[in-house]
Amino acid sequence: MGSICFHNATVVTGYSLMENSCVYVKDGKIEDVFSERRFANKRFSPDVRIIDVGQAYVAPGLIDTHIHGFAGFGTEDKSAESILEMSKALADYGVTAFNPTLYPSEPENMMQCIRAIVDAMGHEEGATIMGVHLEGPFISPEKPGALSPSAISPVNLELMDKLWAASNGNIVNMTVAPELKNMRELALYCIKKNIVLQAGHTNALYEHMLEGMQAGILHSTHLFNAMSQMHHRNPGAVGAILIHPEMSCEIIADGIHVHPDLIRLLVRDKPIDKIVLITDSLKPTEQHEGKLIANGEEVVFQGGCFHRKADGVIAGSSLSMIRGVKNLVSFGFPVETAVRFGSANPAEIMRYAKRGSIMPGYEGDIVIFDKQFNVLATVIKGSLKKSLF
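The following paragraphs examine the structure supplied in this document.

Reading the values: rules and limits
Residues numbered from 1 in each chain as written. Predicted model: local features only at pLDDT ≥ 70, side-chain atom pairs only at ≥ 80, totals over all residues. Heavy atoms only, no water. 1 Å grid on protein atoms, 1.4 Å probe; cavity = no way out; pocket = protein on both sides within 12 Å on 5 of 7 lines; lining within 4 Å. Points joined across faces, edges and corners; volume = space filled by probe spheres on them. Nonpolar A, V, L, I, M, F, W, Y, C, P; charged D, E, K, R; others polar. Core = buried A, V, L, I, M, F, W, Y, C linked by side-chain atoms within 4.5 Å. Buried < 20%, exposed > 50% of the residue type's maximum accessible area, 1.4 Å probe, protein only. Helix = DSSP H or I, 4+ residues; strand = E, 2+ residues; numbered from the N terminus. Contact = heavy atoms within 4.5 Å. Arc of directions from axis to C-beta.

Applying the stated criterion across every chain, the model contains 1 cavity of 30 Å³ or more. When its volume is computed, the largest cavity comes out at roughly 30 Å³. Taken together, G61, I63, T96, A97, R355, G356 and D365 make up the full set of residues lining the largest cavity. Broken down by class, the residue content of the lining of the largest cavity amounts to 2 nonpolar, 3 polar and 2 charged.

Dropping the structure here:
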């Protein structure tokens with residue numbers, strides 16, 4: 001594994017921004033971060049590759065914790081090869097780690113999808129597979145969104161045990177509806193397994209959300225979408241997430257799923273470390289030929305996102321993480337804040353140690369992009385996976 005020094009860079013550390021700086025990667029880790037002035041006085045061994053990035057941004061690799069598919073490959077394919085192709089394609093878009101996200105489906109089908117993800121882990125040529133995100137099946141039939149209503153299930157601890165066994169302990173996060181009967185028992189089970197619980201696809205009353213928070217449901221899935229809205233007599237799921245600073249939330253920053261002004265309002269009330277950029281992207285995202293299929297249904301790309309061809313219902317996002325960062329900057333956020341939403345924050349909330357920041361000792365996962373948000377290079381575990389230099 002070689003060493004690389006990126007210099008003449010604008011370094012986005014995950015928390016702040018450093019002009020005229022350098023990042024040195026050695027043995028797969030961030031070795032040091034220093035000024036251009038210090039770089040001029042350093043002497044590197046001949047095996048260190050020196051790359052002048054021309055004042056481009058050098059940022060932590062992006063971490064997508066909610067993604068169903070990409071580039072024509074998806075979790076619904078029940079194929080380790082598909083997950084590995086997702087991994088390769090995502091690296092071209094600056095993603096260095098991701099949580100493949102499952103739709104709820106018939107139990108045996110879900111277990112096959114989970115096993116495919118687990119079989120792919122450790123064989124990636126691109127973005128690292130961190131583990132499984134289960135979006136259901138223990139969600140509200142009143143808020144299915146684009147998920148199949150027939151696959152939604154009441155809380156079933158026996159089924160949960162089977163899903164956990166199929167994952168070999170690799171379920172990282174799970175979307176649940178806090179109001180469901182026996183949710184507390186499920187939450188306690190998941191806490192013991194270190195699964196991050198997210199309130200989503202929920203019709204919860206405010207009091208349900210408070211009970212869920214007390215049981216450890218402290219993250220939330222695609223805020224404002226597929227959840228009970230805020231009412232002045234009952235704040236619902238949206239109100240609970242806005243009111244309580246300890247609740248963190250996902251945001252789909254495509255400008256369609258959530259109005260840009262609502263994201264600006266969110267940041268006025270929500271601690272900056274509690275907001276996570278996700279894509280919720282579908283299998284046909286960045287697919288450039290063939291019929292567009294997501295979760296077994298034909299979709300069409302219209303108005304910036306995917307719609308089911310059968311009824312026109314929004315089926316999901318076509319966002320990439322780097323475009324999400326670009327959008328957030330266009331909404332008025334500083335680039336260091338936009339990057340933080342897609343790197344340091346998901347790493348912290350998912351408890352990914354030594355990831356999500358440009359800091360000595362951290363994983364050598366880096367994305368380099370220009371002022372137009374074109375990805376110039378992606379580094380994963382210290383290895384260049386894409387480079388235009």
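The next point concerns the nonpolar core. Formed by 82 residues in total, the largest nonpolar core has its most connected members in F98, L134, M160, M174, I251, L328 and F369. No other element matches helix α3 (residues 107–120), which puts 7 residues into this core. Apart from the residues lying within four places of it in its own chain, the contact partners of I251 are L223, F224, V258, I263, L266, I275, V276, L277 and I278. Residues F6, I51, I368 and V379 belong to the second largest nonpolar core, which totals 19 residues.

Residues of helix α8 (residues 260–269) that are buried: P260, I263 and L266. The buried residues of α8 occupy an angular sector of 110° when the element is viewed end-on, so they sit on one face. Seen from the open side of α8, the exposed residues pointing more than 90 degrees away from its buried face are R268 and D269. Packed against the buried residues of α8 are α7 (236–243), β15 (249–252), β16 (275–278) and α9 (321–330).

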